[in-house]
Amino acid sequence: MKQWTADGNGPVQPKQGVIHVPAGEGPTVWVDGDTYTLKAGHESTGGALAFLEASVPPGCGPAPHVHTREDEAYYLLSGELEILNGDTPFTARQGDFVYIPRGVAHRFKNVGLHVARMVFLFTPAGFDKFFLEAGDLARPGEQPQPWGPDRFGPILDLADGYGWQPGPEPGRPQER
(Lines give C-alpha, C1' and ligand atoms only; values in the text may rest on other atoms or scores of the structure.)
Protein backbone atom coordinates (compact mmCIF):
# COMPACT_ATOMS: atom_id res chain seq x y z
CA MET A 1 0.00 0.00 0.00
CA LYS A 2 1.57 3.29 -1.07
CA GLN A 3 1.46 6.35 1.10
CA TRP A 4 0.64 9.60 -0.62
CA THR A 5 1.63 13.18 0.03
CA ALA A 6 -0.86 15.36 1.89
CA ASP A 7 -1.96 17.00 -1.38
CA GLY A 8 -2.50 13.57 -3.00
CA ASN A 9 -0.15 14.36 -5.89
CA GLY A 10 2.38 11.61 -5.41
CA PRO A 11 3.90 8.91 -3.23
CA VAL A 12 5.80 9.85 -0.10
CA GLN A 13 9.52 9.96 -0.83
CA PRO A 14 12.15 9.19 1.79
CA LYS A 15 14.08 12.09 3.19
CA GLN A 16 17.26 12.68 1.26
CA GLY A 17 20.49 11.83 2.97
CA VAL A 18 21.54 9.43 5.66
CA ILE A 19 19.10 7.53 7.86
CA HIS A 20 20.40 7.22 11.42
CA VAL A 21 18.53 5.28 14.09
CA PRO A 22 20.48 5.29 17.36
CA ALA A 23 20.92 2.15 19.44
CA GLY A 24 17.85 1.32 21.48
CA GLU A 25 15.50 3.30 19.23
CA GLY A 26 12.87 2.24 16.72
CA PRO A 27 9.41 0.78 17.25
CA THR A 28 9.64 -2.53 19.12
CA VAL A 29 7.00 -5.27 19.03
CA TRP A 30 6.54 -8.80 20.24
CA VAL A 31 5.53 -11.44 17.71
CA ASP A 32 4.80 -14.91 19.12
CA GLY A 33 7.53 -14.72 21.79
CA ASP A 34 10.16 -12.96 19.65
CA THR A 35 11.12 -9.28 19.93
CA TYR A 36 11.54 -7.18 16.76
CA THR A 37 12.78 -3.59 16.51
CA LEU A 38 12.28 -1.78 13.22
CA LYS A 39 15.35 0.30 12.38
CA ALA A 40 14.40 1.27 8.80
CA GLY A 41 11.36 0.42 6.74
CA HIS A 42 9.02 1.26 3.91
CA GLU A 43 8.52 4.87 5.01
CA SER A 44 12.12 5.83 5.72
CA THR A 45 13.63 4.02 2.70
CA GLY A 46 10.94 4.77 0.13
CA GLY A 47 10.15 1.06 -0.04
CA ALA A 48 13.72 0.02 -0.93
CA LEU A 49 14.36 -2.17 2.12
CA ALA A 50 13.42 -2.95 5.69
CA PHE A 51 15.99 -3.58 8.42
CA LEU A 52 15.10 -5.05 11.82
CA GLU A 53 16.80 -6.31 14.96
CA ALA A 54 15.43 -9.47 16.57
CA SER A 55 15.79 -11.41 19.81
CA VAL A 56 14.63 -15.01 19.62
CA PRO A 57 14.32 -16.88 22.95
CA PRO A 58 14.91 -20.65 23.16
CA GLY A 59 12.07 -22.57 21.53
CA CYS A 60 10.85 -19.57 19.54
CA GLY A 61 10.89 -18.55 15.89
CA PRO A 62 8.25 -18.53 13.16
CA ALA A 63 6.59 -21.56 11.59
CA PRO A 64 7.82 -22.63 8.14
CA HIS A 65 6.71 -20.06 5.59
CA VAL A 66 7.29 -18.49 2.17
CA HIS A 67 7.58 -14.81 1.30
CA THR A 68 6.11 -14.14 -2.14
CA ARG A 69 7.05 -10.45 -2.41
CA GLU A 70 10.49 -9.97 -0.91
CA ASP A 71 13.88 -11.55 -0.38
CA GLU A 72 15.04 -12.00 3.20
CA ALA A 73 18.47 -12.10 4.76
CA TYR A 74 19.74 -12.29 8.29
CA TYR A 75 23.02 -12.08 10.14
CA LEU A 76 23.41 -13.79 13.53
CA LEU A 77 24.91 -11.51 16.16
CA SER A 78 24.80 -14.15 18.90
CA GLY A 79 23.39 -17.58 19.59
CA GLU A 80 22.41 -20.40 17.26
CA LEU A 81 19.36 -20.97 15.11
CA GLU A 82 18.16 -24.03 13.27
CA ILE A 83 17.34 -22.83 9.76
CA LEU A 84 15.03 -24.78 7.50
CA ASN A 85 15.84 -24.54 3.78
CA GLY A 86 12.82 -26.15 2.14
CA ASP A 87 12.78 -29.37 4.14
CA THR A 88 16.51 -29.50 4.93
CA PRO A 89 17.65 -28.10 8.30
CA PHE A 90 21.05 -26.60 9.09
CA THR A 91 22.48 -24.67 12.05
CA ALA A 92 23.49 -21.02 11.78
CA ARG A 93 25.81 -19.64 14.45
CA GLN A 94 27.14 -16.28 15.55
CA GLY A 95 28.66 -14.49 12.55
CA ASP A 96 26.74 -16.52 9.95
CA PHE A 97 24.81 -14.85 7.13
CA VAL A 98 21.69 -16.44 5.61
CA TYR A 99 19.97 -15.29 2.40
CA ILE A 100 16.52 -16.56 1.39
CA PRO A 101 15.18 -15.64 -2.06
CA ARG A 102 11.45 -15.01 -2.27
CA GLY A 103 9.48 -18.16 -2.96
CA VAL A 104 11.72 -20.45 -0.84
CA ALA A 105 10.10 -22.20 2.13
CA HIS A 106 12.09 -21.55 5.29
CA ARG A 107 11.99 -20.91 9.01
CA PHE A 108 14.35 -20.27 11.88
CA LYS A 109 14.02 -21.72 15.36
CA ASN A 110 16.13 -21.27 18.44
CA VAL A 111 16.93 -24.81 19.57
CA GLY A 112 19.70 -23.61 21.91
CA LEU A 113 19.84 -22.57 25.56
CA HIS A 114 20.33 -18.81 25.14
CA VAL A 115 18.55 -16.00 23.34
CA ALA A 116 19.68 -15.63 19.73
CA ARG A 117 20.14 -12.08 18.42
CA MET A 118 20.05 -11.24 14.73
CA VAL A 119 19.48 -8.47 12.21
CA PHE A 120 17.10 -8.86 9.25
CA LEU A 121 17.00 -7.32 5.82
CA PHE A 122 13.92 -7.50 3.60
CA THR A 123 14.05 -6.21 0.06
CA PRO A 124 11.95 -4.57 -1.10
CA ALA A 125 10.38 -3.18 2.07
CA GLY A 126 6.78 -3.90 2.94
CA PHE A 127 6.86 -6.88 5.28
CA ASP A 128 8.01 -4.51 8.02
CA LYS A 129 4.40 -3.27 8.09
CA PHE A 130 3.28 -6.79 9.04
CA PHE A 131 5.46 -6.74 12.17
CA LEU A 132 4.05 -3.38 13.22
CA GLU A 133 0.45 -4.36 12.53
CA ALA A 134 0.52 -7.90 13.93
CA GLY A 135 2.88 -7.43 16.86
CA ASP A 136 2.09 -6.45 20.42
CA LEU A 137 3.76 -3.28 21.62
CA ALA A 138 6.75 -4.35 23.73
CA ARG A 139 6.64 -3.36 27.39
CA PRO A 140 9.84 -2.57 29.31
CA GLY A 141 10.64 -4.96 32.14
CA GLU A 142 8.47 -7.78 30.80
CA GLN A 143 9.18 -10.90 28.75
CA PRO A 144 7.31 -11.59 25.50
CA GLN A 145 5.10 -14.66 25.55
CA PRO A 146 4.40 -17.10 22.72
CA TRP A 147 0.92 -16.65 21.29
CA GLY A 148 -1.88 -19.12 21.91
CA PRO A 149 -3.79 -20.91 19.14
CA ASP A 150 -6.60 -18.32 19.26
CA ARG A 151 -4.22 -15.65 17.99
CA PHE A 152 -3.07 -17.44 14.84
CA GLY A 153 -6.26 -17.36 12.72
CA PRO A 154 -6.37 -13.55 12.46
CA ILE A 155 -2.58 -13.38 12.13
CA LEU A 156 -2.57 -15.83 9.20
CA ASP A 157 -5.23 -13.74 7.45
CA LEU A 158 -3.16 -10.60 8.01
CA ALA A 159 0.05 -12.33 6.88
CA ASP A 160 -1.61 -13.51 3.68
CA GLY A 161 -2.24 -9.87 2.79
CA TYR A 162 1.52 -9.28 3.02
CA GLY A 163 2.44 -12.21 0.76
CA TRP A 164 3.37 -14.57 3.63
CA GLN A 165 2.27 -18.14 2.98
CA PRO A 166 2.54 -21.11 5.34
CA GLY A 167 5.24 -23.57 4.33
CA PRO A 168 5.43 -27.33 4.82
CA GLU A 169 6.27 -28.67 8.27
CA PRO A 170 9.48 -30.75 8.31
CA GLY A 171 8.76 -34.47 8.08
CA ARG A 172 5.21 -33.95 6.80
CA PRO A 173 4.35 -34.70 3.20
CA GLN A 174 3.39 -31.62 1.19
CA GLU A 175 -0.22 -31.24 0.13
CA ARG A 176 -0.75 -31.17 -3.60
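The structure we're discussing is the one just above.
Residues numbered from 1 in each chain as written. Predicted model: local features only at pLDDT ≥ 70, side-chain atom pairs only at ≥ 80, totals over all residues. Heavy atoms only, no water.

Caption draft 1: Region of interest: the overall build of the chain. Check the secondary structure of the chain and you find 3 helices and 12 strands. Counting the 176 residues in the chain, one finds 38% classified as buried. Relative to all contacts within the chain whose residues are 6 or more apart in sequence, the contacts with residues 24 or more apart total 69%. As displayed, the chain offers around 10300 Å² of accessible surface, 54% of which is attributable to carbon and sulfur atoms. (Helix = DSSP H or I, 4+ residues; strand = E, 2+ residues; numbered from the N terminus. Buried < 20%, exposed > 50% of the residue type's maximum accessible area, 1.4 Å probe, protein only. Contact = heavy atoms within 4.5 Å. Areas by Shrake-Rupley, 256 points an atom, 1.4 Å probe, with all protein chains shown as cover.)

Caption draft 2: Structural context of the sheet that holds strand β2 (residues 34–40). Taken together, 7 strands build an open sheet; the order of strands is β8-β5-β10-β3-β2-β1-β11 and the sheet is antiparallel. Across the chains shown, the open sheet's two edge strands, defined by having one partner strand only, are β8 (97–100) and β11 (136–137). Bridge count for strand β3 (residues 50–56) against strand β10 (residues 116–123) is 7 bridges, and the pairing is antiparallel. When the sheet's bridge partners are listed, Ala-54 is paired in β10 with Met-118. (Pairing = 2+ DSSP bridges.)

Caption draft 3: How the structure looks around helix α3 (residues 149–161). The largest bend in α3 comes to about 25°, at Ile-155. Against the buried residues of α3 lie α2 (128–134) and β12 (164–166). One or two steps after α3, the chain reaches Gly-163, where phi turns positive at roughly 80°. (Bend = angle between axes of the 7 residues up to and from the residue.)

Caption draft 4: Geometry of the side chain of Glu-70. One can find Glu-70 in the loop between β4 (65–67) and β5 (71–78). One buried charged residue, Glu-70, remains without a salt bridge, the closest side chain of opposite sign being Arg-69 at 6.1 Å. Within the structure, the side chain of Glu-70 is placed 3.0 Å from the side chain of His-67, a separation counted as a polar contact. Discounting chain neighbours no more than four positions away, the residues touching Glu-70 are Arg-102, Phe-122, Thr-123, Pro-124, Phe-127 and Tyr-162. (Lys, Arg positive; Asp, Glu negative; His and termini not counted. Salt bridge = Lys/Arg side-chain N within 4 Å of Asp/Glu carboxyl O. Polar contact = N/O pair within 3.5 Å; in protein donor to acceptor, adjacent residues only side chain to side chain.)

Caption draft 5: Structural detail: unusual backbone geometry. For the bond running from Thr-123 to Pro-124, omega is -5°, close enough to zero to count as cis. Following the sequence through the fold, Pro-124 ends up in the loop between β10 and α2. Look at Asp-32: it is not a glycine, yet its phi comes out positive at around 50°. With respect to the helices and strands, the residue Asp-32 is situated in the loop between β1 (28–31) and β2.

Caption draft 6: Geometry of the environment of Phe-152. Tracing the backbone shows Phe-152 in helix α3. For Phe-152, a relative accessible area of 29% corresponds to the partly exposed category. Each C-alpha atom of the pair Phe-152 and Asp-32 lies 9.3 Å from the other, and the pair is 120 residues apart in sequence.

Caption draft 7: Representation of the pairing of strand β7 (residues 88–93) in the model. By the bridge criterion, 6 bridges tie strand β6 (residues 80–85) to β7 in an arrangement that is antiparallel. Residue pairing for β7: Glu-80 is matched across the bridge by Arg-93.

Caption draft 8: Region of interest: the pattern of salt bridges. A full pass over the atoms with the stated rule returns 5 salt bridges. Of the charged contacts in the structure, one is a salt bridge between Glu-80 and Arg-93, with a shortest N-O distance of 3.3 Å. In this pair, Glu-80 sits in strand β6 while Arg-93 sits in strand β7, placing the two residues 13 residues apart along the sequence. Among the residues examined, Arg-93 registers a relative accessible area of 43% and is labelled partly exposed. Taking the shortest distance from any N to any O, the salt bridge between Arg-151 and Asp-136 comes out at 2.9 Å. Residue Arg-151 is located in helix α3, and its partner Asp-136 is located in strand β11; the two are separated by 15 residues in the primary sequence. When its relative accessible area of 25% is taken as the criterion, Arg-151 is described as partly exposed. Asp-136 sits in the partly exposed class, given a relative accessible area of 25%.

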